[in-house]
Amino acid sequence: MGLFNTCVNIVTGLLSRMMSSGILRFVIHGEKPRRFYFRWTMDEWLLLGTLIATFMIGWLFGFMANVATLAIAGMVGPNPMVVLTILPLFFLLTFLVLAVRLYLAFPAAIGRGEFGAGPAWSASSGQFLQLLAYLLIWLVLGFVWQMVALALVVPDVLAAFYDAFTWGPAWITQFDLSMRIMESINATTLGGIARIAGLWIFNLVALALGSAGGLFVAPR
């Protein structure tokens, strides 16, 4: 079952890249799909490469932040306030700037036909506050949309999250939460497959809305 679910996740991830590429091509270039959005060309490779590159940038930042925290903790010694408060806040704000500046990476990959991390960083120069405000709006809308999706498609998963993160009458552990989610969206059952498809459709709509709305600053 674990191998099957892993294969399903890989296929779903590849399909998501194709759908994202098709939506971005339509919004940026006005290119209408001939065979829906299922194809794998250089655009999809660029998106996949951009995804890997941005992930590695985030991972490298986290690694360097941990190394710096350990080094500074060894130097400050008896003053834990610097390590426990100031450093985490500094790294959090730095990561926020990094994430906002790289927000345009996917549109840049399709709009310019190259790996999008570098162009996104250049295109977002001087627009940090505008992008941050825009992303905060989409964050709220995305949260509401996700709650609607969970409530309609997998209400038991939504109930499991409530039980896990509140001290309600049915509070559960992280392991129990994971088991309930796996049982609800198990790809080896027809009901689980239907639920996965329903969530995927909701995510597809969110992807389309996010792509179309965010491209007012997309590099062309």
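Just so we're clear, the structure is a prediction, and the values are computed from it rather than from any experiment.

S.K.: Outline the overall build of the protein chain, listing residues and values.
M.R.: A tally of regular secondary structure across the protein chain gives nine helices and zero strands. Each helix and strand of the protein chain, placed in order from N terminus to C terminus, yields the pattern α-α-α-α-α-α-α-α-α. Long-range pairs, those at least 24 residues apart, make up 62% of the contacts in the protein chain between residues at least 6 apart in sequence.

S.K.: Account for helix α4 (residues 105-112), with residues named and values stated.
M.R.: Where burial is concerned, most of α4 is hidden: six out of the eight residues are buried. When we look at burial in α4, the residues that qualify are A105, P107, A108, A109, I110 and G111. In the segment just after α4, G113 is the residue with positive phi, at about 70 degrees.

S.K.: Could you give an account of the environment of I185, with specific residues and numbers?
M.R.: Relative to the elements of secondary structure, I185 occurs in the loop between α8 (174-184) and α9 (190-214). Exposure remark for I185: the relative accessible area of 26% places this residue in the partly exposed category. Every residue in contact with I185, bar those within four places of it in the chain, is listed here: V154, G192, R195, I196 and L199.

S.K.: Residue-level account of a nonpolar patch on the surface, with values.
M.R.: Taken together, the side chains of I52, F55, M56, W59, L60, F63, M64 and V67 present a nonpolar region at the surface, about 840 Å² in accessible area. Relative to the assigned elements, F63 resides in helix α2 (residues 42-76). For F63, a relative accessible area of 46% puts it in the partly exposed group.

S.K.: So, the side chain of T50: which residues are in play, and what are the values?
M.R.: Secondary-structure assignment places T50 in helix α2. A distance of 2.7 Å separates a polar atom in the side chain of T50 from the backbone oxygen of L46. Residue contacts for T50: discarding those within four places in its chain leaves A105, F106, A109, F115, G116 and A117.

S.K.: Go over the environment of S21 with me, naming the residues and quoting the values.
M.R.: Here S21 shows up in helix α1 (residues 2-29). Given the relative accessible area of 0%, S21 is considered buried. In sequence terms S21 and E44 are 23 residues apart; their C-alpha atoms lie 6.1 Å from each other.

S.K.: Run through helix α6 (residues 128-153), naming residues and quoting values.
M.R.: Spacing of three or four residues puts side chains on the same side of an α-helix, whose turn is 3.6 residues. Compared with an ideal rise of 1.5 Å per residue, which puts 26 residues at 38 Å, α6 spans 36 Å between its outermost C-alpha atoms and is within 8% of the ideal. Among the residues of α6, those classed as buried are L131, L132, Y134, A149, L150 and V153.

S.K.: Please give an account of the side chain of D43 that cites residues and values.
M.R.: Mapped onto the secondary structure, D43 falls in helix α2. Under the relative-accessibility criterion, D43 is labelled buried at 18%. Discounting residues that sit within four places of it in the chain, D43 has contacts with S21, R25 and I110.

S.K.: Requested: an account of the packing of aromatic side chains, with residues and values cited.
M.R.: Within the structure shown, the criterion is met by six aromatic pairs. Judged by centre distance (6.3 Å) and plane angle (80 degrees), the ring pair of F61 and F91 falls under edge-to-face. Residue F61 is located in helix α2, and its partner F91 is located in helix α3 (residues 80-101); the two are separated by 30 residues in the primary sequence. Counting every residue linked through ring pairs, the aromatic cluster contains F61, F90, F91 and F95. Directly above the aromatic system of W121 lies the positively charged group of R101, at a separation of 4.0 Å from the ring centroid.

S.K.: Give a description of the environment of M147 that names residues and reports values.
M.R.: Mapped onto the fold, M147 is located in helix α6. We classify M147 as partly exposed; its relative accessible area is 27%.

Conventions adopted
Residue positions are given per chain, counted from 1 along the sequence in the order it is written. Local features in this predicted model are restricted to residues whose pLDDT is 70 or higher, and side-chain atom pairs enter the listing and the counts only when it is 80 or higher, whereas totals over whole chains, interfaces and linings include all residues. Each side-chain value is derived from all of the structure's non-hydrogen atoms; neither hydrogens nor water enter the calculation. Secondary structure follows DSSP: runs of H or I at least 4 residues long count as helices, runs of E at least 2 residues long count as strands, and numbering of each begins at the N terminus. Any two residues having at least one pair of non-hydrogen atoms within 4.5 Å are treated as being in contact. Each residue gets one of three labels from its accessible area relative to the maximum for its type: buried under 20%, exposed over 50%, partly exposed in between, using a 1.4 Å probe on protein chains only. Each patch is built from residues lacking any salt bridge and having more than 30% relative accessible area; the joining distance is 9 Å for like charges and 5 Å for nonpolar side chains (Val, Leu, Ile, Met, Phe, Trp, Tyr). Every accessible area reported is derived by Shrake-Rupley at a probe size of 1.4 Å, with residue values counting cover from the shown protein chains alone. Just to be clear on terms, a salt bridge is a Lys or Arg side-chain nitrogen sitting within 4 Å of an Asp or Glu carboxyl oxygen. The term polar contact refers here to a pair of N or O atoms within 3.5 Å; inside protein, the definition further demands a hydrogen-donor-capable atom paired with an acceptor-capable atom, and it admits residues adjacent in sequence only when both atoms are side-chain atoms. Here the expected span of a helix is defined as 1.5 Å times the quantity of residues minus one. Two aromatic rings, drawn from Phe, Tyr or Trp (for Trp, its six-membered ring), form a pair once their centres lie within 6.5 Å of each other, and the interplanar angle then sorts them: stacked below 30 degrees, edge-to-face above 60, tilted otherwise. Two limits define a charge over a ring: the Lys NZ or Arg CZ must be within 6 Å of the ring centre, and within 35 degrees of the ring normal.

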